[in-house]
Amino acid sequence: MFTYPKKLDKIFEKLINNDASPIIIGGFVRDKILQIDSIDIDIEVYNINSFDRLEKLLKEFGSVNSVGKSFGVCKLDFDEFKLDFTLPRTDSKVSNGHTGFDIKIDANLDYKTASSRRDFSINTIGYDVKTKKILDPFNGIDNLKTKTLKVVDTHKFSEDPLRILRAMQFCARFELTPDVKLISICKEMCNKNILAELPKERIFEEFNKLFLKSSKPSIGLNFLKQIDALNFFYELNMDKKDWDFTLDAIDRCTKDMAIQLASLCYKIKNKDIEQFITKLTNNKNTTRYIKQYHHIAIFLKSHNTTLKYSIMKDIDLSKLTSFLKAINSNQENLKLIKKLKPIVNGKELVKVGFKPSKEFSNILQLIYEVQYLFHP
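In this text, all values refer to a predicted model and were calculated from it rather than measured experimentally. (Residues numbered from 1 in each chain as written. Predicted model: local features only at pLDDT ≥ 70, side-chain atom pairs only at ≥ 80, totals over all residues. Heavy atoms only, no water.)

1. Observations regarding the environment of Thr305
And step 1. When you line up the elements, Thr305 lands in the loop between helix H14 (284-302) and helix H15 (309-312).
And step 2. Judged by its relative accessible area of 28%, Thr305 falls in the partly exposed class.
And step 3. Separated by 191 residues in sequence, Thr305 and Ala114 place their C-alpha atoms 60 Å apart.
And step 4. Dropping the residues within four chain positions of it, Thr305 is found in contact with Ile298, Phe299 and Tyr372. (Helix = DSSP H or I, 4+ residues; strand = E, 2+ residues; numbered from the N terminus. Buried < 20%, exposed > 50% of the residue type's maximum accessible area, 1.4 Å probe, protein only. Contact = heavy atoms within 4.5 Å.)

Printed below as a string of structure tokens:
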């Protein structure tokens, strides 16, 4: 038995009454089989040859966002559900990168042919709303049962660099084993440095899913190492002891992107942290808080560096504590860090008669050093 939210029936009835054939596809079907709840539902609509007609049929159910039309997607928020409607299509590679495809809608495509453009067999499982049948042209259900991640079409897979990182996060989220063909094609792609074609926003999105949607992100990171993706993320190349430590830390982390990234970067050389993070995002705050955590961890480890007032004055102690637990910092350090929140700030200097000046930061730093040297 396959079930879907019955609220959608009025949309499906409208489509079917207009000779269209809606098929629920991809992630929602996969997750339902795995007994995972989702509000994101992808629906491929057959026997319709234009987005204009599809939009007209859908407009009574809410505002249709057609921003994604050039990528073959119409979006509709319907009650609590986020619906993505697509039309059967073929994709042809015309330029580098994840978006370098020429998309051609073909209402006459059969389901198997239309599904062959998808990345993995587990994402080709569909449910035909009209016939009430499960469609599984590439044995995705069997692959879910055997916990195997398999490529649908080797040639089409190799055209899209993002699929390497999708494989990374799928392996981790569902604890799947990549088959030999998937490892081989990903290695070949990585050795061509194809990951460099991706915009950092898409890289960040896949790492975000890896860290926040999986209980063992280490599986995905080990996959990257296995397929030579560390040629691109070279900053993560480290000896086995440090690599194993990093994987354990990542799996211990709370589900917070800041803490996950800080733990991932803990064993990276300080000079390489910014280089690595800029492959994922241009957000300067991300780099700043990771460097803050790194600086504090080094201080706690050796106490032969100066802890900076500017770092500790606005640090989130709960997040910092979560990070320190992830990297196995000892209990004494966890107690100490609570005492290292600055107790004097600029406003208090003004209250006792100091005038704001360029020397303020030096004065506050000096007071802070006295604080942590003589903490109780």
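2. A word on unusual backbone geometry
And step 1. Here Asp19, not a glycine, exhibits a phi torsion of approximately 65 degrees, which is positive.
And step 2. Overall, the relative accessible area of 58% leaves Asp19 in the exposed class.

3. Overview of helix H10 (residues 218-226)
And step 1. Every buried residue belonging to H10 is among Ser218, Gly220, Leu221, Phe223 and Leu224, and all of these are buried.
And step 2. Summarising the contacts, the buried residues of H10 are in contact with helix H7 (162-173), strand E11 (177-178), helix H8 (180-191), helix H9 (200-213), helix H11 (240-252) and helix H12 (257-265).

4. A closer look at the packing of H7 against H10
And step 1. Between H7 and H10, the least distance of the axes is 7 Å, while the angle of their chain directions is 140 degrees. The orientation of H7 with respect to H10, classified from their angle, is oblique. Viewed along their axes, H7 and H10 form a crossing whose handedness is right-handed. In this structure, H7 uses Ile164, Leu165, Ala167, Met168, Cys171 and Ala172 to contact H10, whose residues at the interface are Ile219, Gly220, Phe223 and Leu224.
And step 2. Here the residues of the contact of H7 with H10 sort into nine nonpolar, one polar and no charged. (Axes fitted to C-alpha atoms, helices over the stretch in contact; angles between N-to-C directions. Parallel < 35°, antiparallel > 145°, perpendicular 65-115°, else oblique. Left-handed = near helix turned anticlockwise from the far one by under 90°. Nonpolar A, V, L, I, M, F, W, Y, C, P; charged D, E, K, R; others polar.)

5. Some details on the side chain of Gln371
And step 1. Within the fold, Gln371 resides in helix H19 (residues 360-373).
And step 2. Here the side chain of Gln371 touches Lys339 through a polar contact of 3.3 Å, landing on its backbone oxygen.
And step 3. A polar atom in the side chain of Gln371 sits 3.0 Å from the backbone nitrogen of Ile343.
And step 4. Dropping the residues within four chain positions of it, Gln371 is found in contact with Lys339, Leu340, Lys341, Pro342 and Ile343. (Polar contact = N/O pair within 3.5 Å; in protein donor to acceptor, adjacent residues only side chain to side chain.)

6. Let's talk about the pattern of salt bridges
And step 1. What the rule picks out here adds up to 21 salt bridges.
And step 2. One network of salt bridges, with partners in common, ties together Arg202, Glu205, Glu206 and Lys209. (Salt bridge = Lys/Arg side-chain N within 4 Å of Asp/Glu carboxyl O.)

7. What about the environment of Ser184?
And step 1. Examined against the element boundaries, Ser184 turns out to sit in helix H8.
And step 2. In sequence terms Ser184 and Thr154 are 30 residues apart; their C-alpha atoms lie 9.9 Å from each other.

8. Brief notes about a nonpolar patch on the surface
And step 1. Nonpolar side chains collect at one region of the surface, where Leu366, Val370, Leu373 and Phe374 lie side by side and expose about 470 Å² of accessible area between them.
And step 2. Among the structural elements, Leu366 can be located in helix H19. (Patch = residues over 30% accessible without salt bridge, like charges linked within 9 Å, V, L, I, M, F, W, Y side chains within 5 Å. Areas by Shrake-Rupley, 256 points an atom, 1.4 Å probe, with all protein chains shown as cover.)

9. Re the packing of aromatic side chains
And step 1. Taken as a whole and assessed by the stated rule, the structure comprises 20 aromatic pairs.
And step 2. When the centroid spacing of 5.5 Å and the interplanar angle of 85 degrees are considered together, the rings of Phe207 and Phe233 count as edge-to-face. One end of the pair, Phe207, is in helix H9; the other, Phe233, is in the loop between H10 and H11, with 26 residues separating them in the sequence.
And step 3. Linked through ring pairs, Phe2, Tyr4, Phe12, Phe28 and Tyr127 together constitute an aromatic cluster.
And step 4. The lysine or arginine in question, Lys267, covers the ring of Phe245, its NZ or CZ lying 4.8 Å from the ring centre.
And step 5. The residue whose ring lies beneath Lys279 is Phe232, and the NZ or CZ to ring-centre distance is 4.9 Å. (Phe/Tyr/Trp six-rings, centres within 6.5 Å; stacked < 30°, edge-to-face > 60°. Lys NZ or Arg CZ within 6 Å of the ring centre and 35° of its normal.)

10. Considerations on H9
And step 1. Taking 1.5 Å of rise per residue, the 14 residues of H9 would be expected to cover 20 Å, and the 19 Å separating its terminal C-alpha atoms lies within 8% of that figure.
And step 2. Taken together, the buried residues of H9 touch H7, H10, H11 and H12. (Expected span 1.5 Å × (residues − 1).)

Everything listed here is a matter of coordinates, which is why it stays silent on function.
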